[in-house]
Amino acid sequence: MTTHHPIAIIGAGLGGLTSARVLHVNGIEAAVFDLDASPSARTQGGMLDIHVDSGQEALRAAGLHDEFRAIVHPGGEALRILDRHAIVHHEEIDEGDGGRPEVARGDLRDLLLGSLPEGTVRWGAKVTGAHPLGGGRHEVVLADGTKFTTDLLIGADGAWSKVRPLVSSAAPAYEGVSFVEVHLNDAETRHPASAALVGGGMFFALGAGKGFLAHHDTAGSLHVYVALKTAEDWISTVDFSDTAAAKAAVLDHFDGWDAGLRALVTDADGELIPRPIHALPIGHRWDRVPGVTLLGDAAHLMSPFAGEGANLAMLDGAELGLALAANPGDVEAALCTYEAALFPRSEASAAESAESLVLCFAEDSPKPLLDQFASYR
């Protein structure tokens, strides 16, 4: 027999887990399906700044704000903006009273996972497709051939969502920028000069069409994204399985840059990981389709330059859960309420993200970003 779940959430990222948690605290259970074999199957990325008006609001709705404050990274709201010569042009210290405290993505995910009843997440459940059965019900097919049905299908499955095609034909497009992720482990001891250069919080070192974005993580390592404004196929020209060759290929783009900045690549520990940046169209939305909706990157994938991705995913998840709790027995009314707020909010953030990408990689960078910060004073 095919298993039936009244509510099925595809994806155990921050958005999907927040939705499941808010539903749970409101007495509504959901089944979560994730393609990873276990919670620890892969690393969960670096630090996140959790905004007071989005991510933190979601955590309040989930009843987890106090627990969140306990895992905040002290000093993480500090900021430095440098040029290609490593001259600091803007610096802010973390006074501990800001609205964007930093937390490790993995710690936040663990907090959400630990708040759910055991067995809520079905691990190793890779969705390969879904189709409507009528009346708002859908059948979902997993990679192992098993199937289940659901009255409400929530796509929280990221950039390349398998649920999105049920409501939209939109697909992510390359944004003209690629990241190469590197780490410098045990930075204070093994890489003290780099640790001092980056400082305690967020770090930007920018020049024309390229730069370094970095921060300390809670394990004491430097988490660095080398950013390049480059053709989409550039990554395919580099053998990232050969770390020495990959470092050389990346550093070719930074001739004439300060030696301390180049050392963020030269001294990196482990492999270099390429990450091309994609986004859905600004203002992506869909007509109401019975029994299915999206949240997070599945709904509004954007570049990371507004710092909104995780925050919006969590807020989406919380607001969807609250809408369902406020409309018992009327899923469509809940989804209409949820999407009416989702669409304009995500459009504004996607536009901000696109504008910030242009600022960061302008020919006279970091001047446009510095001018933006000066306008806030």
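Bear in mind the structure is a predicted one, so any value in this text is a computation, not a measurement. (Residues numbered from 1 in each chain as written. Predicted model: local features only at pLDDT ≥ 70, side-chain atom pairs only at ≥ 80, totals over all residues. Heavy atoms only, no water.)

A. Summary view of the pattern of salt bridges. For the structure on display, the rule yields twelve salt bridges. Between Asp-255 and Arg-262 there is a salt bridge; the shortest N-O distance is 3.9 Å. The partner of Glu-339 in a salt bridge is Arg-288, and the shortest N-O contact between them spans 2.7 Å. Within this pair, whereas Glu-339 is found in helix α11 (residues 331-360), its partner Arg-288 is found in the loop between β15 (269-279) and β16 (292-294), the two being separated by 51 residues in sequence. Connected through shared salt-bridge partners, Arg-288, Glu-332 and Glu-339 make up one network. (Salt bridge = Lys/Arg side-chain N within 4 Å of Asp/Glu carboxyl O. Helix = DSSP H or I, 4+ residues; strand = E, 2+ residues; numbered from the N terminus.)

B. Main features of empty space enclosed by the protein. Following the criterion strictly, the structure yields two cavities of 30 Å³ or more and no others. In this structure, the largest cavity occupies an estimated 50 Å³ of space. As for the largest cavity, its lining consists of Leu-280, Pro-281, Ile-282, Gly-283, His-284, Ala-299, His-300, Leu-301, Phe-343, Ser-346, Glu-347 and Ala-350. Those elements that place two or more of their residues in the lining of the largest cavity are α9 (297-300) and α11. Broken down by element, the lining of the largest cavity gets its largest block of residues, four residues, from α11. The residue makeup of the lining of the largest cavity, split by class, is seven nonpolar, four polar and one charged. Of the voids in this model, the second largest cavity is the one considered here, and its volume is about 30 Å³. Lining the second largest cavity, in full, are Met-47, His-73, Gly-76, Glu-102, Gly-200, Gly-201, Met-202, His-215 and His-216. Across the lining of the second largest cavity, the residue classes tally to two nonpolar, six polar and one charged. (1 Å grid on protein atoms, 1.4 Å probe; cavity = no way out; pocket = protein on both sides within 12 Å on 5 of 7 lines; lining within 4 Å. Points joined across faces, edges and corners; volume = space filled by probe spheres on them. Nonpolar A, V, L, I, M, F, W, Y, C, P; charged D, E, K, R; others polar.)

C. Structural context of the side chain of Glu-308. Mapped onto the elements, Glu-308 comes out in the loop between α9 and α10 (309-326). Residue classification places Glu-308 among the buried residues on the basis of a relative accessible area of 11%. Setting aside its immediate chain neighbours within four residues, Glu-308 contacts His-51, Ser-54, Met-302 and Ser-349. (Buried < 20%, exposed > 50% of the residue type's maximum accessible area, 1.4 Å probe, protein only. Contact = heavy atoms within 4.5 Å.)

D. Local environment of unusual backbone geometry. Of note, the bond from Ser-365 into Pro-366 is cis; its omega dihedral lies within 30 degrees of zero at 15°. Inspection of the secondary structure puts Pro-366 in the loop between α11 and α12 (367-375). Of note, Ala-86 is a non-glycine position whose phi angle comes to about 65°, a positive value. By secondary structure assignment, the location of Ala-86 is in the loop between β4 (79-82) and β5 (88-92). Here Asp-186, not a glycine, exhibits a phi torsion of approximately 45°, which is positive. Looking at the element boundaries, Asp-186 is found in the loop between β11 (173-184) and α5 (187-190). By relative accessible area, which is 40% here, Asp-186 ends up partly exposed.

E. Local environment of the sheet that holds β5. Read from one edge of the open sheet, seven strands run β5-β4-β12-β13-β14-β11-β15, paired in mixed fashion. Of all strands in the sheet, those bounded by a partner on one side alone are β5 and β15. Each strand axis lies, on average, 15° off the axis of its neighbour in the sheet, ignoring direction. Strand direction decides the pairing type here: β4 and β5, joined by four bridges, are antiparallel. (Pairing = 2+ DSSP bridges. Axes fitted to C-alpha atoms, helices over the stretch in contact; angles between N-to-C directions.)

F. Local environment of the packing of helix α1 (residues 14-25) against helix α4 (residues 105-114). It is at 9 Å that the axes of α1 and α4 come closest, and there the two elements cross at 25°. The orientation of α1 relative to α4 falls into the category roughly parallel. Considering how the two elements wind past one another, α1 and α4 form a crossing that is left-handed. Between α1 and α4, the contacting residues are Leu-14, Leu-17 and Thr-18 on the first element and Arg-105, Leu-108, Arg-109, Leu-112 and Leu-113 on the second. Of the residues in the contact of α1 with α4, the class split is five nonpolar, one polar and two charged. (Parallel < 35°, antiparallel > 145°, perpendicular 65-115°, else oblique. Left-handed = near helix turned anticlockwise from the far one by under 90°.)

G. Main features of the pairing of strand β8 (residues 127-134). Note that β8 and strand β9 (residues 137-142) share six bridges and pair antiparallel. Looking at β9, one finds that Gly-134 is bridged to Arg-137. What sits between β8 and β9 in their antiparallel hairpin is a turn of two residues, with Gly-135 showing a positive phi close to 70°.

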